[in-house]
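Examination of the molecular architecture
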Amino acid sequence: LINKVKESLNLGGSTLVYTTTRKNAEKLAKLLNQSNIDAKYYHGKLSTHEKYEVLQAFKSGELNVVVATCAFGMGINRKDVRAVIHHSISSNLEGYVQEAGRAGRD
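Residues numbered from 1 in each chain as written. Predicted model: local features only at pLDDT ≥ 70, side-chain atom pairs only at ≥ 80, totals over all residues. Heavy atoms only, no water.

1. With respect to the environment of Val67
The condition that has to hold: Segments assigned H or I by DSSP are reported as helices when at least four residues long, segments assigned E as strands when at least two residues long, and all are numbered from the N terminus. Any two residues whose heavy atoms approach within 4.5 Å are treated as being in contact.
With respect to the helices and strands, Val67 occurs in strand β3 (residues 65-68). Not counting residues within four places of it along the chain, the set of residues in contact with Val67 comprises Val17, Thr19, Ala25, Leu28, Ala29, Leu32, Lys40, Tyr41 and Tyr42.

2. Topic: unusual backbone geometry
Its identity is not glycine, yet Asn36 carries a phi of approximately 65°, on the positive side. Secondary-structure assignment places Asn36 in the loop between α2 (22-34) and β2 (40-42).

3. Topic: the pairing of β3
Short version of the rule: To sort residues, take the accessible area from a 1.4 Å probe on protein chains only and compare it with the maximum for the residue type: under 20% means buried, over 50% means exposed, and anything in between is partly exposed. By this definition, two strands are paired if DSSP reports at least two bridges between them. If you view a crossover with the strands going away from you and the path from the first strand over the helix to the second runs clockwise, you call it right-handed.
The side-chain alternation of β3 yields two buried faces, one formed by Val65 and Val67 and the other by Val66 and Ala68. The pairing of strand β1 (residues 14-18) with β3 spans four bridges and is classified as parallel. Across the sheet, Val17 pairs through a bridge with Val67, a residue of β3. Strand direction decides the pairing type here: β2 and β3, joined by three bridges, are parallel. Considered in β3, the bridge of Tyr42 is made with Ala68. Of the crossover connections in this fold, the one passing from β2 over helix α3 (residues 48-60) to the parallel β3 is right-handed.

4. Details of the pattern of salt bridges
Definition in use: In the sections that follow, a salt bridge refers to a side-chain nitrogen of Lys or Arg positioned within 4 Å of a carboxyl oxygen of Asp or Glu.
If you walk through the whole model with that rule in mind, you get two salt bridges. In this structure, Glu7 and Lys4 form a salt bridge, with 3.9 Å as the shortest nitrogen-oxygen distance. In this pair, Glu7 and Lys4 both sit in helix α1 (residues 2-9), three residues apart, roughly one turn of the helix. Ionic pairing is found between Arg78 and Asp80, a salt bridge with its closest N-O pair at 2.5 Å.

5. Side note on the side chain of Asn24
Mapped onto the elements, Asn24 comes out in helix α2. Looking at Asn24, the relative accessible area reads 19%, which means it is buried.

6. A few points about the nonpolar core
Quick note on the threshold: By nonpolar core is meant a set of buried Ala, Val, Leu, Ile, Met, Phe, Trp, Tyr and Cys residues that side-chain atoms within 4.5 Å join together.
One finds Leu16, Tyr18, Tyr42, Phe58, Val66, Phe72 and Ile76 to be the most contacted residues of the largest nonpolar core, which totals 15 residues. Counting residues per element, this core draws most heavily on α3, which supplies four residues. With residues up to four places along the chain from it excluded, the contact list for Phe58 reads Ser14, Leu16, Leu63, Asn64, Val66, Phe72, Ile76, Arg78 and Val81.

7. Overview of the sheet that holds β1
For clarity, the threshold we go by: Angles here are taken between N-to-C directions and fall from 0 to 180 degrees, while the axes themselves are lines fitted to C-alpha atoms, restricted in helices to the stretch in contact.
Taken in spatial order, the four strands of this open sheet run β2-β3-β1-β4, and their pairing is parallel. Only two strands of the sheet have a single neighbouring strand rather than two, namely β2 and β4 (81-86). Taking each pair of neighbouring strands and ignoring which way they run, the sheet shows an average axis angle of 20°. Here β1 pairs with β4 via five bridges, running parallel. Each residue of the ladder has a partner; that of Leu16, found in β4, is Val84. Where α2 meets the sheet, its contacts fall on β2 and β3, and the angle it forms with β3 comes to roughly 155°.

Rendered as structure tokens:
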């Protein structure tokens, strides 16, 4: 995961890492941070304020790596998502297609 995120960041732009559980989102963001990759996690149990801060940092380009559950998706309108990495596969095909479709918009 660390190598894949680094590879995608070298292309410029941003990277989304999707996982299926809140616990994994937090754990993976911590792992990336320990590897000197600035990453935040996003999931449905964050407070409204925390969700807003992560989303705004991502949309503004201040934050380039988000590890998230499927809760992260609405309002993403960033053209330079270079990679969507699935740490664990989505629970259904529709979720997978929506997550994968967030990359390569430019």
